[in-house]
Amino acid sequence: MSTGMGSVDVFEHQIEKSAARGPRAVSPYFVPGVMRDGAAALISMRYGLMGPSYSLASACATGTHSIATSALMIEAGDADVMVAGGAEAATRLNTVAGFGNARALGRAGPGGDPTKVCRPFDKGRSGFVMGEGAGVLVLEAEEHARARGATILAYVAGFGMTTDAQHLTRPHTEGLGLSLAIERALARAAI
């Protein structure tokens, strides 16, 4: 279970408390509350899951990388079942300002229409739209699922993980990282 930025609101709130009332005002839960692997730890404690438990951070690909890494762990025999996904709730003034100042956020769509800002696959896109959410899957080895009589809903057929290796906020101008990821996904899926 991963997050790209973690608990920005908790971090900011505790910094404000410290500035206003001194360091003794900081919660003893501050450090566990901002650790990126906090959700993974809480899930494992809640359900008694004792297998691999950690968090990845790879910006907007964090949740997807968690799913791919969990599939790899199952494939390698390191686990039979993995809880995999990502969560993000970092829409705070400073994070929005930082992305805005980096010119990474989308701007009004065609004709100045603010409802057309989010258009990730449009040739005329201008950036991304920040949001909050979470997505989690329970991945399981097929043999394990069949042995317990589970209804199999889907298969992880393939995935590809790459880096553009060009810019922090802008994709490769020729889409080389994206095309390589697609090629790797198709190869892994034998399609």
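Here the structure is a predicted model, which means the values were calculated and not measured.

A.B. asks: Explain the overall build of the protein to me, please; I cannot follow it from the model alone.
C.D. replies: Along its length, the protein carries seven helices and two strands. Across the protein, helices and strands are ordered from the amino to the carboxyl terminus as α-α-α-α-β-α-β-α-α. Along the first, second and third principal axes, the C-alpha set of the protein runs to 55 × 50 × 30 Å. When the 191 residues of the protein are sorted by exposure, 26% land in the buried category. Sequence separation of at least 24 residues holds for 58% of the intrachain contacts in the protein that already meet a minimum separation of 6.

A.B. asks: Would you mind going over the pattern of salt bridges with me for this structure?
C.D. replies: Opposite charge on two side chains permits them to pair, given that their charged atoms come into close proximity. Per the counting criterion, the structure on display carries four salt bridges. E75 is the salt-bridge partner of R188, the closest N and O atoms lying 3.1 Å from each other. Taken together, the residues R188 in helix α7 (residues 176-188) and E75 in helix α4 (residues 62-75) connect sequence positions 113 residues apart. A residue is classified by how much of its surface remains accessible, and E75, at 57% relative accessible area, is exposed.

A.B. asks: Just to check I follow, could you spell out α4 for this structure?
C.D. replies: Every α-helix carries 3.6 residues per turn, so stepping three or four residues along brings you back to the same face. For α4, built from 14 residues, the straight-helix expectation of 20 Å at 1.5 Å per residue is met to within 8% by its first-to-last C-alpha distance of 20 Å. With respect to burial, α4 is a largely interior element, ten of its 14 residues being buried. When we look at burial in α4, the residues that qualify are T62, G63, H65, S66, A68, T69, S70, A71, M73 and I74.

A.B. asks: Help me understand the environment of D37 in this model?
C.D. replies: With respect to the secondary-structure elements, D37 resides in the loop between α2 (30-34) and α3 (38-47). Given the relative accessible area of 29%, D37 is considered partly exposed. Between the C-alpha atom of D37 and that of A57, which follows or precedes it by 20 residues, the distance is 9.7 Å.

A.B. asks: I keep staring at the nonpolar core and nothing clicks. Help me out?
C.D. replies: Nonpolar side chains tend toward joint burial in soluble globular proteins. Listed in full, the ten residues of the largest apolar core are A68, A71, M73, I74, A79, M82, A84, L139, A141 and F159. Within the residue set of this core, elements represented by two or more residues are α4 and β1 (81-88). Here this core gets four residues from one element, more than from any other, and that element is α4. Not counting chain neighbours up to four residues away, the residues in contact with L139 comprise I67, S70, A71, I74, D80, V81, M82, A84 and V156.

A.B. asks: Sorry if this is basic, but what is going on with the side chain of S70 here?
C.D. replies: Locating S70 in the fold gives a position in helix α4. A relative accessible area of 5% means that S70 is categorised as buried.

A.B. asks: Help me understand helix α1 (residues 8-21) in this model?
C.D. replies: Relative to the 20 Å expected for 14 residues at 1.5 Å per residue, α1 spans 20 Å between its end C-alpha atoms, a close match to the ideal helical length. Those residues of α1 lying buried are V8, E12, Q14 and K17. As for α1, its buried residues are in contact with α2 and α5 (93-101). Positive phi appears at G22, one or two residues downstream of α1, with a value of about 95°.

A.B. asks: I keep staring at unusual backbone geometry and nothing clicks. Help me out?
C.D. replies: Both trends apply: most residues other than glycine have a negative phi, and most peptide bonds are in trans. Phi angles above zero are rare outside glycine, and R103 is one such case at about 60°. Even without being a glycine, A165 presents a positive backbone phi close to 55°. Relative to the helices and strands, A165 resides in the loop between α6 (142-147) and α7. A residue is classified by how much of its surface remains accessible, and A165, at 75% relative accessible area, is exposed.

A.B. asks: Honestly, the state of the cysteines in this entry has me stumped. Any pointers?
C.D. replies: By definition, a disulfide links two cysteine residues through a covalent bond between their sulfur atoms. With the rule as written, the count across this model stands at zero disulfides. Between C60, a cysteine without a disulfide, and C118, which holds the nearest cysteine sulfur, the sulfur-to-sulfur distance is 11 Å. The exposure class assigned to C60 is exposed, which follows from its relative accessible area of 74%.

Procedures and definitions
Residues numbered from 1 in each chain as written. Predicted model: local features only at pLDDT ≥ 70, side-chain atom pairs only at ≥ 80, totals over all residues. Heavy atoms only, no water. Helix = DSSP H or I, 4+ residues; strand = E, 2+ residues; numbered from the N terminus. Buried < 20%, exposed > 50% of the residue type's maximum accessible area, 1.4 Å probe, protein only. Contact = heavy atoms within 4.5 Å. Salt bridge = Lys/Arg side-chain N within 4 Å of Asp/Glu carboxyl O. Expected span 1.5 Å × (residues − 1). Core = buried A, V, L, I, M, F, W, Y, C linked by side-chain atoms within 4.5 Å. Disulfide = S-S within 2.5 Å.

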